[in-house]
Amino acid sequence: MAKAHKVIGVEPLESYRENARVILPQRLEEVYTWEPFIRDETRREELHNMRISIKRLRYTMEIFRVAYQDGSQQTAVNIYTEFLAMIVDLQEILGDIHDADVVLAVLADYVSQLGNGERQIAVLPGIVRLIARTEMTRSVDYETFLEKWDQFSAAGFKQKLLSLFSATCELKTRYS
Amino acid sequence: MIRGDSQKLDGKMVTEPEVKGMLPDETLEACARQIIVNYFHEMMSYKEGAKEGVDIEFVHEMRVTSRRLRAAMDNFADCFPKKPFKKYYKMVRAITRTMGAVRDLDVLIAHFRNELTSLTEVEQTDIRGLIEHLQREHKEARQPMLMLFEELEEADFETEFLEFFVGEDF
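Below is a summary of the structure that appears in this document. Owing to the predicted nature of the structure, the values given are computational and were not obtained by experimental measurement.

What about the overall build of chain B?
Then, in step 1: For chain B, the count of helices and strands is six helices and two strands.
Then, in step 2: Written out in order from the N terminus, the α and β elements of chain B read β-β-α-α-α-α-α-α.
Then, in step 3: Sorting the 170 residues of chain B into buried and exposed places 53% on the buried side.
Then, in step 4: Relative to all contacts within chain B whose residues are 6 or more apart in sequence, the contacts with residues 24 or more apart total 73%.
Then, in step 5: Working note: accessible area of chain B is about 8300 Å², and carbon and sulfur atoms make up 50% of it.

Printed below as a string of structure tokens:
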């Protein structure tokens, strides 16, 4: 599993709000470092790493939610919540893909532990059935993920999110 | 589907821990301390249940909260002296990892049990064998987790961690 990218430019003695603007875009960029790999469904590791980065972004957004909860800016709060829901959505579908990969690995490992490899699997109809079912589920989930990703991208997901992240400073300037 | 580290199992959602009284115009360092301490308390509150091993949700909750705690620590590393921070970070990572091994098996066992209903008698025999195999692995996977808990208790990790992150007033 890929480590979290080191965030730069953090100022411990500056406000929480100001630092939200520094940290959140870097967590979003971390997600996009995995984008070049998503068109290849065999890049299991990279898809898994993208899921972990998305989860990190989600947790970071939850941590900084308070920086966007300016009472006079209900719209910004709602948009923030909507984006969080989209991120959870991506995390879930990538999670389903990863689950399928884990199940397939466990089934393969179990067969190899029983010995005889391919010859053994022929006499394990339950295992054969679950492998086929899981492969099919994974394939459907992968297509769903790509559709979702493309749909979000076409709607300007990244740019809108970056604008939202920078909005916290505007809020402070305008309302402090 | 099955997810070892997800937010849901049987429809239950793990909600984000609420950090009360945090003001966004306070310094990052002050807020970081509040968040880390809050998440840490939340994580440790599941320890006894995880040790008991009766309800698998305790392991799940503890693991998810440890991940949230790590995400917070990743973001706030620059607020703290490097060397001790690294020590505490590694400990939290060890908690996530040992819990992960147990949780993954919990959900795999649950997943294959669910699959049983859709299989024929003959097919079920294979999967029952697999479930038994995973149950043995699960028993083994609990040992490093229990040993880690013991180590943490012996080293008074909880007090040390809180002394470091709460700061002077602890």
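Digging into the nonpolar core
Then, in step 1: By size, the foremost hydrophobic cluster in this structure holds 97 residues, and its most contacted members are Phe145(A), Phe76(B) and Phe112(B).
Then, in step 2: Sorting elements by how many residues they give to this core places helix 3 (residues 74–114) of chain A first, with 14 residues.
Then, in step 3: Contact partners of Phe112(B), with chain neighbours within four places excluded, come to Val103(A), Val106(A), Leu107(A), Leu130(A), Ile127(B), Leu130(B), Ile131(B) and Leu134(B).

Description of the packing of aromatic side chains
Then, in step 1: The tally for this structure, following the rule as stated, stands at 22 aromatic pairs over all chains.
Then, in step 2: Ring geometry for Phe64(A) and Phe76(B): centres 6.1 Å apart, planes at 80 degrees, overall edge-to-face. In this pair, Phe64(A) sits in the loop between helix 2 (44–63) and helix 3 while Phe76(B) sits in helix 3 (residues 57–76), so the two residues belong to two different chains. Like Phe76(B), Phe64(A) is buried.
Then, in step 3: Ring centres of Phe80(B) and Phe165(B) lie 4.9 Å apart, and the angle between their planes is 75 degrees; this geometry places the pair in the edge-to-face category. On the criterion of sequence distance, the pair formed by Phe80(B) in the loop between helix 3 and helix 4 (82–116) and Phe165(B) in helix 6 (residues 157–166) is long-range, its members being 85 residues apart.

Focus: the interface of chain A and chain B
Then, in step 1: Each partner contributes residues to the interface: chain A has 49 residues there, and chain B has 43 residues.
Then, in step 2: The interface formed by chain A and chain B contains five salt bridges.
Then, in step 3: A salt bridge links Lys6(A) to Asp78(B); its shortest N-O distance comes to 2.8 Å.
Then, in step 4: Summed over the shared surface of chain A and chain B, the result is 17 residue pairs in polar contact (both at pLDDT 80 or more).
Then, in step 5: Those elements giving two or more residues to the side of chain A that touches chain B turn out to be helix 1 (16–32), helix 2, helix 3 and helix 5 (125–154) of chain A.
Then, in step 6: Considering each element in turn, the side of chain A that touches chain B owes the most residues, twelve residues, to helix 3 of chain A.
Then, in step 7: Tallied by class, residues from the side of chain A that touches chain B come to 23 nonpolar, nine polar and 17 charged.

Some details on the side chain of Asp74(B)
Then, in step 1: Within the fold, Asp74(B) resides in helix 3.
Then, in step 2: For Asp74(B), the residues in contact, after removing those within four places along its chain, are Ala4(A), Val7(A), Arg27(A), Arg56(A) and Tyr89(B).

What to know about the environment of Glu45(A)
All names here are of chain A.
Then, in step 1: By the secondary structure assignment, Glu45 is in helix 2.
Then, in step 2: The partly exposed category is assigned to Glu45, whose relative accessible area is 45%.
Then, in step 3: Residues Glu45 and Asp101, 56 residues apart in the sequence, show an inter-C-alpha distance of 9.9 Å.

Overview of a positive patch on the surface
Then, in step 1: On the surface, Lys3(A), Lys82(B), Lys86(B), Lys90(B) and Arg97(B) cluster together into a positively charged patch.
Then, in step 2: Under the relative-accessibility criterion, Arg97(B) is labelled exposed at 57%.

Notes on the pattern of salt bridges
Then, in step 1: Scanning the model with the defined rule gives 21 salt bridges over all chains in all.
Then, in step 2: Glu30(A) is the salt-bridge partner of Arg56(A), the closest N and O atoms lying 2.5 Å from each other. Here the residue Arg56(A) occupies a position in helix 2, and Glu30(A) occupies one in helix 1, the gap between them amounting to 26 residues. Of the two residues examined, Arg56(A) and Glu30(A), each falls in the buried class.
Then, in step 3: For Glu29(B), the salt bridge goes to Arg33(B), with nearest N and O atoms at 3.2 Å. On the criterion of helical spacing, the pair formed by Glu29(B) and Arg33(B) is a turn pair, its members being four residues apart in helix 1 (residues 28–44).

A look at the layout of surface pockets
Then, in step 1: The space that makes up the largest pocket amounts to roughly 750 Å³.
Then, in step 2: Along the wall of the largest pocket there are 26 residues; nearest its centre are Lys3(A), Ala4(A), Asp74(B), Tyr89(B) and Arg93(B).
Then, in step 3: Those elements that provide at least two residues to the lining of the largest pocket are helix 3 and helix 4 of chain B.
Then, in step 4: When residues in the lining of the largest pocket are grouped by element, the largest group, nine residues, is from helix 4 of chain B.

Calculation criteria
Residues numbered from 1 in each chain as written. Chains lettered and ligands numbered in written order. Predicted model: local features only at pLDDT ≥ 70, side-chain atom pairs only at ≥ 80, totals over all residues. Heavy atoms only, no water. Helix = DSSP H or I, 4+ residues; strand = E, 2+ residues; numbered from the N terminus. Buried < 20%, exposed > 50% of the residue type's maximum accessible area, 1.4 Å probe, protein only. Contact = heavy atoms within 4.5 Å. Areas by Shrake-Rupley, 256 points an atom, 1.4 Å probe, with all protein chains shown as cover. Core = buried A, V, L, I, M, F, W, Y, C linked by side-chain atoms within 4.5 Å. Phe/Tyr/Trp six-rings, centres within 6.5 Å; stacked < 30°, edge-to-face > 60°. Salt bridge = Lys/Arg side-chain N within 4 Å of Asp/Glu carboxyl O. Polar contact = N/O pair within 3.5 Å; in protein donor to acceptor, adjacent residues only side chain to side chain. Nonpolar A, V, L, I, M, F, W, Y, C, P; charged D, E, K, R; others polar. Patch = residues over 30% accessible without salt bridge, like charges linked within 9 Å, V, L, I, M, F, W, Y side chains within 5 Å. Lys, Arg positive; Asp, Glu negative; His and termini not counted. Charge placed at Lys NZ, Arg CZ, Asp CG, Glu CD. 1 Å grid on protein atoms, 1.4 Å probe; cavity = no way out; pocket = protein on both sides within 12 Å on 5 of 7 lines; lining within 4 Å. Points joined across faces, edges and corners; volume = space filled by probe spheres on them.

Keep in mind these numbers describe shape, not what the thing actually does.
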